[in-house]
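Examining the three-dimensional arrangement
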Amino acid sequence: MTNQELNDLKNRYVANGAATPTTQFAERAENAELWDADGNRWIDFAGGIGVLNLGHRHPKIVAAVEAQLKKVMHTSAAVISYAPYVQLCQKLCELTPVRGPERKAMLVNTGAEALENAVKIARAATGRTGIITFDGAFHGRTMMTLAMTGKVLPYKNDFGPMPGDVFRAPFPNPLHGISEEASLNAIRTLFKTDIAPHRTAAIVIEPVQGEGGFYIASPDYLKALRALCDEHGILLIADEVQSGFARTGKLFALEHSGIEADILTTAKSLANGMPLSAVVGSAKVMDASGPNSLGGTYSGNPLSCAAALAVIEVIEEEDILARSEQMGKMLAERFAVWEERFPAVAHGRQLGAMAAFELLDSDGKPDTQMTGALCAKAREKGLILLSCGFYGNSIRILVPLTVSSTVLEEGLSIIEQSLEALS
């Protein structure tokens, strides 16, 4: 079928709230490139929204899924488990920066599910109910994770009252006038005005905000937040759904700070395109809830677990962490050139290859209109590019870390050409 025929079907049968506004349909993909139903080639700087750190259809991951498909496709781990589930939990417990000495893990399907379960576990472990998150945070689209998400449009607006006992503090962001001390003091104020520390189960933070704009919590801030949690017996939950699995030059962004969380959630590039997420934590915390209290019908599907085990091998074998660091340095240099050349480009930032820059108007205010125009112009030239941010004016780079230098340069050149056309 053609793009037009598929678009007609989309408009007729797909709910508006779930339908993409784009009119192209992926037919096949390889590494950082894909081809649509009409045969047009696209460079992918979105990576399935941070899901494809190892690129489309990495050969080793495809082989692992095919091999597992010939053995077991589904049983439900709650009925009878299988080797990839427990082997992956072992690997995650060995690799994840959470407090030990003993750690345990559980597997579900999506980032939102992982965060939902992290909250359930934290409440069971502490006997408390309060959850503190941050402005600009994105934790998912279920009702609980929407309550935790710090942005109304487009996520929360139409869905009525949110679950209670969720409170929010400003994320430390000097660009928005929020110092680290101001953020910490806001949490202390919450303890006096909204939720007492002895009723607070957990503070949930993205070490690098994803949808919020790729803003980075500094090591000093994360250490202070860890100390604040310890002072009051509050669990620290690190949401690494988007920042995890090599995007920042470490397997997890939290490793840059030197601290450990009590619970960490991961998803997206964990299985490089297969639906899978995980919650990892100290054994005492993870074992707090009763038998059969966690999980789900499809949780930790065998095919997804096989993919994730292959992902871990590829990251080590192909030195992906070093590649992420190298890409990040190159992107930082390119952003600096653009900031000199284009008045609208500002505030380039990166942690490894988790990189973004902002577009500002002549008054130095967020320019959401130009941001949308840049993404549209790039698409006209064959580049899939995503925006994000509290004000919707950040351009984020989520190209697969396995991208060839030729394709990477081609994509960056398209951004540059598009900025020229809009300047």
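Thresholds applied
Residues numbered from 1 in each chain as written. Predicted model: local features only at pLDDT ≥ 70, side-chain atom pairs only at ≥ 80, totals over all residues. Heavy atoms only, no water. UniProt positions renumbered as here; feature names shortened; annotations may be inferred. Helix = DSSP H or I, 4+ residues; strand = E, 2+ residues; numbered from the N terminus. Polar contact = N/O pair within 3.5 Å; in protein donor to acceptor, adjacent residues only side chain to side chain. Expected span 1.5 Å × (residues − 1). Buried < 20%, exposed > 50% of the residue type's maximum accessible area, 1.4 Å probe, protein only. Arc of directions from axis to C-beta. Contact = heavy atoms within 4.5 Å. Core = buried A, V, L, I, M, F, W, Y, C linked by side-chain atoms within 4.5 Å. Domains from an automatic or database assignment. Buried area = accessible area lost by both parts, 1.4 Å probe. Salt bridge = Lys/Arg side-chain N within 4 Å of Asp/Glu carboxyl O. Nonpolar A, V, L, I, M, F, W, Y, C, P; charged D, E, K, R; others polar. Pairing = 2+ DSSP bridges. Axes fitted to C-alpha atoms, helices over the stretch in contact; angles between N-to-C directions. Parallel < 35°, antiparallel > 145°, perpendicular 65-115°, else oblique. Left-handed = near helix turned anticlockwise from the far one by under 90°.

- The name recorded for the chain in an unreviewed UniProt entry is 4-aminobutyrate aminotransferase, from Halomonas campaniensis.
- According to the UniProt record, the Sequence similarities (unreviewed entry) comment for the chain reads "Belongs to the class-III pyridoxal-phosphate-dependent aminotransferase family."

Focus: the environment of Thr-193
- Relative to the helices and strands, Thr-193 is located in helix H7 (residues 180-193).
- Linking Thr-193 and Ile-384, residues 191 residues apart in sequence, is a C-alpha distance of 45 Å.
- In this structure the side chain of Thr-193 is engaged in a polar contact, spanning 2.9 Å, whose partner is the side chain of Asp-194.

A few points about H7
- With 14 residues, H7 extends 20 Å between its outermost C-alpha atoms, agreeing within 8% with the 20 Å of an ideal straight helix rising 1.5 Å per residue.
- Looking only at H7, the buried set comprises Ser-183, Leu-184, Ile-187, Leu-190 and Phe-191. The arc that holds every buried residue of H7, seen down its axis, measures 105°, which confines them to one face. Seen from the buried face of H7, the exposed residues on the opposite side, beyond 90 degrees, are Lys-192 and Thr-193.
- Among the structural elements, strand S5 (130-134), strand S6 (166-169), strand S7 (200-205) and helix H8 (219-232) are those in contact with the buried residues of H7.

Description of the nonpolar core
- Core analysis: the largest hydrophobic core is formed by 113 residues, its most contacted members being Phe-45, Ile-187, Leu-385 and Ile-415.
- Per-element tally for this core: the top contributor is helix H10 (residues 302-317), with 10 residues.
- Taken domain by domain, this core gets at least three of its residues from each of domain 1 (3-57 + 319-421) and domain 2 (72-318).
- Once you skip the residues sitting within four places of it in the chain, Leu-385 turns out to touch Phe-45, Leu-374, Cys-375, Ala-378, Ile-395, Arg-396, Ile-397 and Ile-415.
- Grouped together as the second largest cluster of nonpolar side chains are eight residues, Val-208, Leu-351, Ala-356 and Cys-388 included.

Regarding the domain arrangement of the chain
- Partitioning the chain into domains gives domain 1 (3-57 + 319-421) and domain 2 (72-318).
- Here the C-alpha centroids of domain 1 and domain 2 sit 26 Å apart.
- Listed per partner, the contact involves 35 residues of domain 1 and 37 residues of domain 2.
- Summed over both sides, the interface between domain 1 and domain 2 buries roughly 2900 Å², with carbon and sulfur atoms accounting for 58% of that surface.
- Looking only at domain 1, the three residues that lose the most surface to domain 2 are Leu-351, Met-354 and Phe-390, adding up to 25% of its buried area.
- Scanning the region where domain 1 abuts domain 2 turns up one salt bridge.
- The salt bridge partner of Glu-211 is Arg-396, with a shortest N-O separation of 3.0 Å.
- Where domain 1 touches domain 2, the interface holds 29 residue pairs in polar contact (both at pLDDT 80 or more).
- Listed by contribution, the elements that provide at least two residues to the side of domain 1 that touches domain 2 are helix H2 (47-50), helix H11 (320-341), strand S11 (345-351), strand S12 (354-359) and strand S15 (394-397).
- With five residues, the top contributor of residues to the side of domain 1 that touches domain 2 is H11.
- Residues that form the side of domain 1 that touches domain 2 fall into these classes: 19 nonpolar, 10 polar and six charged.

What about the sheet that holds strand S2 (residues 33-36)?
- On the basis of which strands lie adjacent, the open sheet formed by four strands has the order S1-S2-S3-S13 and mixed pairing. A strand with exactly one partner marks an edge of an open sheet, and here the two such strands are strand S1 (26-30) and strand S13 (383-384).
- Pairing analysis gives two bridges linking strand S3 (residues 41-44) to S13, with the strands arranged parallel. Paired with Ile-43 across the two strands is Leu-383, which belongs to S13.
- Sheet strands touched by helix H13 (residues 405-422): S2, S3 and S13. Its angle to S3, the strand with the most contacts, is close to 90°.

So, the packing of H7 against H8
- For the pair H7 and H8, the least separation of the axes is 10 Å and the interaxial angle reads 20°. In terms of orientation, H7 lies roughly parallel with respect to H8. H7 and H8 meet at a crossing whose hand is right-handed. Touching Glu-180, Ser-183, Leu-184, Ile-187, Arg-188 and Phe-191 of H7 are Asp-220, Tyr-221, Ala-224, Leu-225, Leu-228 and His-232, all from H8.
- By residue class, the composition of the contact of H7 with H8 is seven nonpolar, two polar and three charged.

With respect to the pattern of salt bridges
- Enumeration over the complete set of coordinates arrives at 19 salt bridges.
- Arg-226 is paired through a salt bridge with Asp-230; the nearest N and O atoms lie 2.9 Å apart. Of this pair, Arg-226 and Asp-230 both sit in helix H8, four residues apart, which is roughly one turn of that helix.
- By relative accessible area, which is 6% here, Arg-226 ends up buried.
- With a relative accessible area of 37%, Asp-230 lands in the partly exposed category.
- Notably, a salt bridge pairs Arg-341 with Glu-416, separated by 2.8 Å at the nearest N-O pair. Residue Arg-341 is located in helix H11, and its partner Glu-416 is located in helix H13; the two are separated by 75 residues in the primary sequence.
- For Arg-341, a relative accessible area of 43% translates into the label partly exposed.

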